[in-house]
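Summary of structural features
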Amino acid sequence: MRWRALATVGVMAAIAVSAIGCAGEEPTEPSETIELPTPPPSEALAVLDLETMTDEELLAEARRAYQGFFDDVEDMRASGSDNYLALDEWTTEDFRLNVQEDFDEYLPEGVKAEGVQDLLGMELVGLSGSEVLTYACLSNETVTYVDSDGETVELRNEPGDSVGEITLVLSPDESKLQLHEDVGVDADEVSGSLCAQS
């Protein structure tokens, strides 16, 4: 047993000496110096700290997220695409999947939406942990529905305005808010001025 232990120590010492090199040798200088290119400075994204933001800042970020979402929806529709992944910058995956499901269920075969809802007003409800809660009022009058012949189609009795409670969360890189959930609410649950803010 003792021989095995001594043999192991001897092997370990031999490995250590070979890794270090022989004593007394001068280190060699490389014959050529290679300069590596300097990488460009990275643009550091500003991280949102929800706890330290004022109500006005939270509301401004929520509006920015909603408007970014509407812009992406409008771009998607204008291009004739049904690639809902284009909405991921301003939405969580759950929100995007719900939007896709709603459009798939709501629009009859061959009917497509043109334009997007208009954000009339938004109010901050508050901050709940890592979630920003808001009320939003949307105008439905800025969306038209057309069939495959280009004829305007009336869909259900859609109200002129819709009110919802919107939950937003930080994006994975924490640089912006993303729409996470929306729940329709009765207009009388919110202030009367919400839909008159525009």
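The rules we used
Residues numbered from 1 in each chain as written. Predicted model: local features only at pLDDT ≥ 70, side-chain atom pairs only at ≥ 80, totals over all residues. Heavy atoms only, no water. Helix = DSSP H or I, 4+ residues; strand = E, 2+ residues; numbered from the N terminus. Buried < 20%, exposed > 50% of the residue type's maximum accessible area, 1.4 Å probe, protein only. Contact = heavy atoms within 4.5 Å. Phe/Tyr/Trp six-rings, centres within 6.5 Å; stacked < 30°, edge-to-face > 60°. Lys NZ or Arg CZ within 6 Å of the ring centre and 35° of its normal. Disulfide = S-S within 2.5 Å. Salt bridge = Lys/Arg side-chain N within 4 Å of Asp/Glu carboxyl O. Pairing = 2+ DSSP bridges. Axes fitted to C-alpha atoms, helices over the stretch in contact; angles between N-to-C directions.

1. Thoughts on the overall build of the protein chain
A count of helices and strands for the protein chain gives 3 helices and 6 strands. Walking the protein chain from its N terminus toward its C terminus, one meets helices and strands in the order α-α-α-β-β-β-β-β-β. Here the protein chain holds 198 residues, and the buried ones make up 30% of them. Sequence-distant contacts in the protein chain: of pairs separated by 6 or more residues, those separated by 24 or more amount to 62%.

2. Comments concerning the packing of aromatic side chains
Tallying each qualifying case throughout the model produces 5 aromatic pairs. Their ring planes at 65° and their centres at 6.3 Å tell us that Y66 and F69 sit as a pair that is edge-to-face. Of the two residues, Y66 and F69 both sit in helix α2 (residues 55-78), 3 residues apart, roughly one turn of that helix. Per residue, the accessibility class of Y66 equals that of F69, and both read buried. For the ring pair Y66 and F70, a centre distance of 4.9 Å and an interplane angle of 35° mean the geometry is tilted. Here F70 and Y66 lie together in helix α2, a separation of 4 residues that amounts to about one turn. There is no split in this pair, since Y66 and F70 are both buried. Its end group placed over the ring of W90, K176 keeps NZ or CZ at 5.4 Å from the ring centre.

3. Some words on the state of the cysteines
What the rule picks out here adds up to 1 disulfide. Each disulfide pairs two cysteine sulfurs, and for C137 the partner residue is C195, the sulfurs being separated by 1.9 Å. Measuring the twist about the S-S bond at about 105°, one finds the C137-C195 disulfide to be right-handed. Of this pair, C137 sits in strand β3 (residues 131-139) while C195 sits in the segment after β6 (177-184), placing them 58 residues apart in sequence.

4. Examining the pattern of salt bridges
Going through the model one piece at a time under the given rule, you end up with 3 salt bridges. We note a salt bridge from R64 to E61, for which the minimum N-O separation is 3.2 Å. Placement of the pair is R64 and E61 together in helix α2, with a separation of 3 residues, close to one helical turn. The class for R64 is partly exposed, based on a relative accessible area of 38%. A relative accessible area of 17% places E61 in the buried class. Put simply, D88 and R96 hold a salt bridge, and the shortest N to O gap is 2.5 Å.

5. Quick notes on the pairing of β6
The sheet contact formed by strand β5 (residues 161-170) and β6 spans 7 bridges and is antiparallel. By the bridge assignment, I166 is partnered in β6 with D182. Here β5 folds back onto β6, and the loop between the two strands holds 6 residues, one of which, E174, carries a positive phi near 60°.

6. Thoughts on unusual backbone geometry
The phi dihedral of E174 falls on the positive side, at around 60°, and the residue is not glycine. As for its placement among the helices and strands, E174 is situated in the loop between β5 and β6. By relative accessible area, E174 is classed as partly exposed at 37%.

7. Regarding the sheet that holds β3
What the 4 strands build is an open sheet, ordered β2-β3-β5-β6; its pairing is antiparallel. Two strands close off the open sheet at either side, each with one partner strand: β2 (118-128) and β6. Geometrically, the sheet is characterised by an average inter-axis angle of 30° between neighbouring strands, direction not taken into account. Taken together, the 9 bridges between β3 and β5 define a ladder with antiparallel strand orientation. Bridge pairing in β5 links T134 to I166. In the packing of α2 onto the sheet, the strands contacted are β2, β3, β5 and β6, and the crossing angle to β2 comes to about 135°.

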